[in-house]
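If you want the building blocks of each chain, they are given just below.
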Amino acid sequence: MKLATVAFYGFALGLLAVGLRELLTGFEENRCSMTYMFEYPEYRRVALPRRVARLYPAYGLYLYGEARSLGSVALRKAENMEGGLHFNVFTVDFNEELVALYGGSLRRQTHFLHESIKAILRLYKHLKTPPQSVVLVGHSMGGVVARALYTLPRFNTNLVSLIITQASPHLAPVLALDPYLLDFYSAVRQKWVNQANKLRNVTVLSVGGGYRDYQVRSGLTSLPCPPGDPNKLSLVATAVPRTWVSTDHLSIVWCKELVLATVRAFFDLINPETRQFTENPEKKMSVLNHHFIRHPVRMLGETQDNSISILDFPEAWSEVNTLRLAYSTPKEGQVKYFMFALSSRRKAYSHFYCRNNNLEMTSWVYGCVHKNGSSCVHAVDLSMGTELLPPYKVLILSLSDLSSVTHLVVSASNLNGKQFTVECEWQRQESQTLSVPVPHVLSFGLTVSDVTVNSSGLLHTIKLQHFHQVYQAFRINVASQCKVHKDRLPNVYRINVPWFREDSITTVSVPSVTEISGMLHTGRPDNTSGVLLQLHTAPNCQYKVSIRTSLPRVLGQILRFCGPMVPVYTAVTLLLACGGQLSFILKSRRAADMRQVVGKGLLPHKVNLPIYILHILLSYSWFQEVWSVLCLPLMDTLPPTTPDATFHEGEGAAEEWLQFLSPLLYIFGAAVAYWGSTLLRLIIRLVSLILAPLHRPCVSRDCGTLRPRTQLLITLCLTVTGGTSCGALSIFAAFLLHLYRVLRLQMAERSLSHMLNLAPQKHKEVENGSVDLNKPKECNGAPLLSECALQEVRDDLQLHLCLSALFTLPVMLIAPSLIHWIRNLRYSTQLDPDPCWPHIVPVIIVYMLLINCNTLKLSNSKLLPLTSCLPLPFAIAMVTFSPLHLYRVTYFLTAALVPMALCCLL
């Protein structure tokens with residue numbers, strides 16, 4: 001049985017390790033180019049009013065003239081431009097506070113940012129036309145703080161003209177370790193959702209890093225705003241034109257490809273008349289769409305709809321009567337136009353596809369509205385629909401939109417002598433679109449869905465049916481074979497997600513075998529069309545697309561989205577282990593081995609089944625009314641997985657895959673509990689060996705206990721310390737005192753074992769089986785040096801090992817607030833606000849009472865039968881209310897331990 005338990009938890013740990021490995025390393029290498037400094041960085045502190053400096057001593061505002069990323073690139077670009085345009089870049093120093101895990105400083109940071117903006121604008125008040133607003137660029141939680149400015153009652157919305165956020169978790173916090181973090185998010189969300197109409201003119205761009213950013217998954221960077229808000233953009237860096245790379249949480253700041261896109265947008269946002277950032281929302285969105293969405297060839301500011309005159313050079317015109325054009329320019333410069341007649345193609349074809357590489361012309365495809373002989377005299381520019389891909393520009397025109405056009409004209413002129421290639425064709429989109437159902441997630445890669453494309457065109461689309469959930473992950477292999485080998489433009493394989501701008505692009509040569517990772521950052525919010533695999537192909541080639549489920553990537557996706565739920569199930573396992581220990585003491589007046597009770601803490605039928613029943617009952621209105629009458633909070637299910645999650649609450653798909661994942665997450669949590677408690681046991685043995693020479697041998701079960709007066713004095717001291725400085729510090733000190741008790745019991749157990757080796761007769765009886773230590777026996781009046789005394793120490797040791805493993809969880813959850821307090825000691829000795837203050841007194845009292853607890857006191861307590869039944873309902877409540885509110889785990893653990901502490905008194 002023990003071997004089977006070890007094998008099971010070993011297998012579970014292996015699955016967890018595979019998922020973690022995929023989450024942390026299962027992505028492309030960092031393809032970002034580095035940004036460099038060309039001068040020594042110079043930071044100048046901006047003087048703030050005394051009131052502000054006194055209120056926020058840990059923060060600072062700086063002007064820097066040369067720095068990596070935005071400042072450096074903007075400076076170099078300004079030096080190469082005429083007109084002397086220069087950006088002043090300021091940085092706000094928030095003392096590197098861990099606000100992603102400790103939310104007590106977020107409101108303070110928001111107020112300081114407001115004061116900093118006003119201080120910056122005061123620097124320019126002496127100018128004839130001073131700037132009236134600033135552009136905010138926020139990284140990580142800085143982007144959330146930037147949006148929080150609008151929650152301040154006295155904030156003038158005209159002070160900020162544009163907000164750009166990088167890897168900022170707008171949708172929800174990564175880990176909700178304290179209530180202040182969730183309250184802050186709630187206030188920001190309510191402001192931007194409830195007053196969406198008032199904030200529609202505020203332009204916000206949010207950029208996620210992609211799969212390389214495992215700290216803030218890109219789905220969380222989606223802006224919670226009403227669908228169709230024209231001034232809010234959310235996207236992933238892999239979909240940004242001329243970037244097309246995934247960034248980790250830090251490299252998104254200095255990734256040259258993304259920095260260049262941002263700086264180019266800044267320069268295009270400048271109003272040439274005022275030399276300040278434009279206040280026109282349409283202009284801002286036009287610029288952002290140009291640099292972050294499509295990047296058409298036409299430069300910003302050019303006329304879009306006016307007709308264009310094309311010079312009539314009869315020798316430069318060629319009419320194309322074939323279905324496809326493939327043309328490479330000569331080395332000599334020339335004027336060249338190709339004309340395609342629409343009249344004979346409208347019924348047979350639906351689209352016109354054209355692409356070119358190395359063509360730098362702003363306009364290259366026209367719709368002819370007036371033809372004279374063999375050439376076109378008057379034409380409409382159609383190039384604004386061009387989309388930039390890594391190797392070439394692509395334009396797809398729908399013939400149904402060209403009713404007033406008689407011919408299509410493609411310009412292949414290279415007056416500067418630069419060579420390029422143009423490929424165009426007529427397309428029938430229905431015949432070039434295939435559908436393939438993806439394998440089920442439980443196929444484990446044993447089944448494959450494949451489709452063969454005999455390329456008769458330049459673009460093929462494959463609809464990946466039933467691919468719309470974030471827990472799905474596939475290995476998509478595309479193998480290309482060509483009949484004729486010659487110079488061809490590269491192939492581009494693009495995974496297009498219609499409901500979120502998270503497209504990923506892969507560029508390969510022909511022929512080749514390429515593997516594409518098929519995963520999603522967001523789930524489908526409604527009945528939007530499914531994921532598309534677009535193949536920009538070479539003609540006369542064959543493409544075989546094979547799709548298999550990837551188990552490692554599925555596990556990685558599960559941990560990416562549901563990883564915060566694993567600690568909850570770890571706490572559930574350890575709590576049920578303590579409950580099992582109490583039940584064993586109640587039956588046999590002895591304590592079971594810690595590994596045995598932790599191994600039996602996996603009880604999904606007792607924990608998850610009530611959760612499923614609650615989900616069903618909450619679908620009835622009468623039960624919802626009862627739930628609200630009891631003032632119970634909403635059930636926690638899953639972190640938000642869809643864009644605009646605020647407007648798509650209660651989607652059934654989330655509940656379905658929650659039911660599928662809950663047992664797996666429970667197994668992961670139980671594996672962490674099992675092997676974590678085993679590691680704790682090994683650490684305690686090792687530390688006890690190191691500390692043994694510093695203590696006199698102890699052979700009593702009372703080793704490490706505290707006298708009542710000492711216990712009371714320490715409790716008062718820790719309570720006062722926690723109330724006046726940091727509650728996490730007091731709880732950590734109480735944990736160390738209990739850990740000392742466990743170490744003393746471990747040393748006592750070792751000392752007794754060694755001493756009894758000197759009296760081998762009794763010990764041999766135990767080894768031969770004539771004395772059964774598993775049978776309960778009364779040890780009252782037994783000599784101090786006896787097998788019975790050894791068994792008492794061992795029982796107490798197993799009991800306190802279970803408690804110590806359980807006590808470790810609250811300490812880990814409150815660690816961010818303790819770290820924040822330590823780092824800010826030079827500014828303040830008190831943590832304000834303190835997330836530990838509601839439960840500091842009960843936690844410390846429970847820890848101190850349980851230090852003196854032993855199996856004898858518990859077995860004699862009249863409260864033990866009731867206490868041993870309480871861990872299960874508290875475990876169910878923990879799974880119900882804690883997955884999205886991790887700080888509640890401490891509340892439930894404390895509530896479950898209070899009756900146990902009372903058992904030691906009564």
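Note that this is a predicted model, so its numbers are computed, not measured.

### Describing the pattern of salt bridges
Item 1. Under the counting rule described, the total for this entry stands at 17 salt bridges.
Item 2. Note that Arg 823 is salt-bridged to Glu 96, the shortest N-O span being 3.6 Å. Of the two residues, Arg 823 sits in helix H20 (residues 815–823) while Glu 96 sits in the loop between strand S3 (89–93) and helix H4 (106–122), which places them 727 residues apart along the sequence.
Item 3. Note that Asp 503 is salt-bridged to Arg 494, the shortest N-O span being 3.1 Å.
Item 4. What makes Arg 494 buried here is its relative accessible area of 11%.
Item 5. Among the ionic contacts, a cluster of salt bridges with common partners joins Glu 22, Glu 515 and Arg 553.

### Observations regarding the sheet that holds strand S12 (residues 324–328)
Item 1. Spatial strand order, S12-S20-S14-S18-S17: five strands in an open sheet with antiparallel pairing. Only two strands of the sheet have a single partner each, and these edge strands are S12 and strand S17 (387–388).

### Overview of the side chain of His 800
Item 1. Here His 800 shows up in helix H19 (residues 787–813).
Item 2. Residue classification places His 800 among the buried residues on the basis of a relative accessible area of 0%.
Item 3. Excluding anything up to four places from it in sequence, His 800 contacts His 738, Arg 741, Val 742, Leu 745, Leu 850, Ile 851 and Cys 853.

### A closer look at the packing of helix H21 (residues 840–851) against helix H25 (residues 888–903)
Item 1. Where H21 contacts H25, the axes come no closer than 9 Å and their chain directions differ by 40 degrees. Taken together, the axis directions place H21 and H25 in an arrangement best described as oblique. Crossing of H21 over H25 shows left-handed handedness. Of the residues in H25, those in contact with Pro 842, Val 843, Val 846, Leu 849 and Leu 850 of H21 are Thr 894, Leu 897, Val 898, Met 900 and Ala 901.
Item 2. Per-class residue counts for the contact of H21 with H25 are nine nonpolar, one polar and no charged.

### Digging into the nonpolar core
Within soluble globular proteins, side chains that are nonpolar tend to cluster in buried spots.
Item 1. Of all hydrophobic cores here, the largest spans 119 residues; its most connected members are Leu 850, Leu 858 and Met 878.
Item 2. Examining the composition of this core, we find that 13 residues originate from one element, H19, more than from any other.
Item 3. Sequence-distant contacts of Leu 858, that is, excluding residues within four places in its chain, are made with Leu 582, Ile 585, Leu 799, Cys 853, Leu 864, Met 900, Cys 903 and Cys 904.
Item 4. Grouped together as the second largest cluster of nonpolar side chains are 42 residues, Leu 48, Ala 58, Val 202 and Val 204 included.

Definitions and cut-offs
Residues numbered from 1 in each chain as written. Predicted model: local features only at pLDDT ≥ 70, side-chain atom pairs only at ≥ 80, totals over all residues. Heavy atoms only, no water. Salt bridge = Lys/Arg side-chain N within 4 Å of Asp/Glu carboxyl O. Helix = DSSP H or I, 4+ residues; strand = E, 2+ residues; numbered from the N terminus. Buried < 20%, exposed > 50% of the residue type's maximum accessible area, 1.4 Å probe, protein only. Pairing = 2+ DSSP bridges. Contact = heavy atoms within 4.5 Å. Axes fitted to C-alpha atoms, helices over the stretch in contact; angles between N-to-C directions. Parallel < 35°, antiparallel > 145°, perpendicular 65-115°, else oblique. Left-handed = near helix turned anticlockwise from the far one by under 90°. Nonpolar A, V, L, I, M, F, W, Y, C, P; charged D, E, K, R; others polar. Core = buried A, V, L, I, M, F, W, Y, C linked by side-chain atoms within 4.5 Å.

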